[in-house]
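Given next are the chains, with one letter for each unit.
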Amino acid sequence: MTTICAPTTAPGRSAISVVRVSGPEVGRILSDRSIVLAERRATLVAWKARDARVLDQALAVRFQAPRSYTGEDVLELSLHGNPLLVREVLEDLHADGIRLALPGEFTRRAVEAGRIPLSRAESVGALIHAETSQSLEAARRVLAGGLEERLEPLRKTLVDLSARLELEVDFAEEDAVPGGQELLPWVEDGLLELDRLLAAQERIRSRGHAPRVVLVGSPNAGKSSLANALLGEDRLLVSAIAGTTRDWIEIPLPTPRGTVVLVDTAGLGDATDELDHLAQERTHRILKAADLRLVVVEAGREIKAAERHLAEGGASLLVRTKTDLHPRWEAPQGQWPVHVADRNALAALCERLSELLDSSQLAPDEIALVGERQRQEACRAQRELESCRGAIAQGRPEIAAWHARQARCALEELLGEITPDEVLGAVFSSFCIGK
Ligand SMILES: Nc1nc2c(ncn2[C@@H]2O[C@H](COP(=O)(O)OP(=O)(O)OP(=O)(O)O)[C@@H](O)[C@H]2O)c(=O)[nH]1
Ligand SMILES: [Mg+2]
């Protein structure tokens, strides 16, 4: 195994930058520099280049194999956080025969050394890239071993299921009625469990980013004014001239339950020139990425077919603006009347937007799968269990037993107990360098 090194902190200036070295040459690198480190104890050292120049005063920690992140000898150097300094240290190590780690290579070594199963390693990547507190929590639970704990009973059930089905095969000739029917509830329970894990992942994934709330409507409907009123600041350009907003603009809106992203757009209507046409095209494009559409229509006016269409399909709210100009008008059921100075209506709308964040909350003991690979293995286990159910119903225990075994294999691969090399390559290529 070669020895590898990489910065483990983000590039740029900071108080501290950490460089990690892992592999059998760690001891040699230290003794070449006459540094003696007690294991797992932070020690201030003068970190020297190979030509004995002092590069930095660094805090060094040594982890001895196998009690380290990678399972190998590891050295972590906390340097002053200047990218030039970090580069000098890495170049010097490189000249010493230590190569730069590939993305995710430290974690890959941890998996190969049996320090952590693949399913947990994947959650390390998910933890670093999580953009919402829900996806962060989901990754944290898998990293803490929640997935193995959760799937162990199912794995045991599948082992027992195959064994029982094989017994049915052995005794089939003595039995007049084809057996295995009493095992159907086991299969159903397994399917239900996989369903739950997949559904939780889907919920978290669809909220892997802050929810996007797109304001859409005719020119001059009051979209930008409504966005400003919700934000409580004069952020967007507003005017009585139709067609004020051209590009779509994203602005984070803090709500009591977290942040949603408001997206103001160019008004939709009869395009009068090339610019109008281009601006409206952008609005249509961003609408596809909306988690919620706020269809903005001035109060008191007839709703156009296009607006009704936007308000009916999928997640949307019909908001009626400028109610101060139409004091006698009453909003029909299900529509949201508001004007820019109506604090109560604005607060109620903001509360409604924050519900978008709530729907993705994890229940206290809920576990969600992490990443595409885990999802695919869970789907494979599901397909095998469905085939198993079909075979039992047809009185074919030998075929059912085979599918039950395949379902168990999928589950073990999901957990990373069996992992082909190319799977490891695919998983870790999406990691960052230094992880
Ligand atoms: N009285 C009153 N006027 C409003 C209200 N909301 C918006 N307006 C006015 O309506 C006009 C259009 O407002 P905008 O917010 O620019 O409308 P828009 O939908 O963003 O328009 P485009 O960007 O052109 O598509 C401006 O003159 C605003 O001052 C409101 O609640 N009450
Ligand atoms: Mg506007």
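For the structure itself, look to the data block above.
Residues numbered from 1 in each chain as written. Chains lettered and ligands numbered in written order. Predicted model: local features only at pLDDT ≥ 70, side-chain atom pairs only at ≥ 80, totals over all residues. Heavy atoms only, no water.

A. Representation of the pairing of strand β9 (residues 258-264) in the model. β9 sits mainly inside the fold: five of its seven residues count as buried. Note: strand β7 (residues 212-217) against β9, three bridges, orientation parallel. Bridge pairing in β9 places Val 213 opposite Leu 262. Hairpin connection of strand β8 (residues 249-255) to β9: two residues between the antiparallel strands. (Buried < 20%, exposed > 50% of the residue type's maximum accessible area, 1.4 Å probe, protein only. Helix = DSSP H or I, 4+ residues; strand = E, 2+ residues; numbered from the N terminus. Pairing = 2+ DSSP bridges.)

B. Local environment of the layout of surface pockets. Estimated volume of the largest pocket: approximately 570 Å³. Elements represented by at least two residues in the lining of the largest pocket include exactly α4 (118-129), α5 (133-143), α7 (184-206), α12 (371-393) and α14 (421-428). Per element, the largest residue contribution to the lining of the largest pocket is four residues, and it comes from α4. Of the residues belonging to the lining of the largest pocket, the class tally is 10 nonpolar, seven polar and five charged. Lining the second largest pocket are 16 residues; nearest its centre among them are Pro 7, Thr 8, Thr 9, Ala 10 and Pro 11. No other element matches the four residues that helix α2 (residues 83-95) contributes to the lining of the second largest pocket. Here the lining of the second largest pocket is composed, by residue class, of nine nonpolar, five polar and two charged. (1 Å grid on protein atoms, 1.4 Å probe; cavity = no way out; pocket = protein on both sides within 12 Å on 5 of 7 lines; lining within 4 Å. Points joined across faces, edges and corners; volume = space filled by probe spheres on them. Nonpolar A, V, L, I, M, F, W, Y, C, P; charged D, E, K, R; others polar.)

C. Structural detail: the environment of Leu 143. Assignment of secondary structure puts Leu 143 in helix α5. For Leu 143, a relative accessible area of 30% puts it in the partly exposed group. Put simply, Leu 143 and Pro 117 are 26 residues apart on the chain and 9.7 Å apart in space, counted from C-alpha to C-alpha. Apart from the residues within four sequence positions on either side, Leu 143 is in contact with Arg 120, Ser 123, Val 124 and Leu 127. (Contact = heavy atoms within 4.5 Å.)

D. How the structure looks around the sheet that holds strand β12 (residues 336-337). In space, the six strands of this open sheet follow the order β8-β9-β7-β10-β11-β12, with mixed pairing throughout. Taken across any chain shown, the strands that pair with only one partner, and hence form the sheet edges, are β8 and β12. Sheet strands touched by helix α9 (residues 274-287): β7, β8, β9 and β10 (292-298). Its angle to β7, the strand with the most contacts, is close to 145°. (Axes fitted to C-alpha atoms, helices over the stretch in contact; angles between N-to-C directions.)

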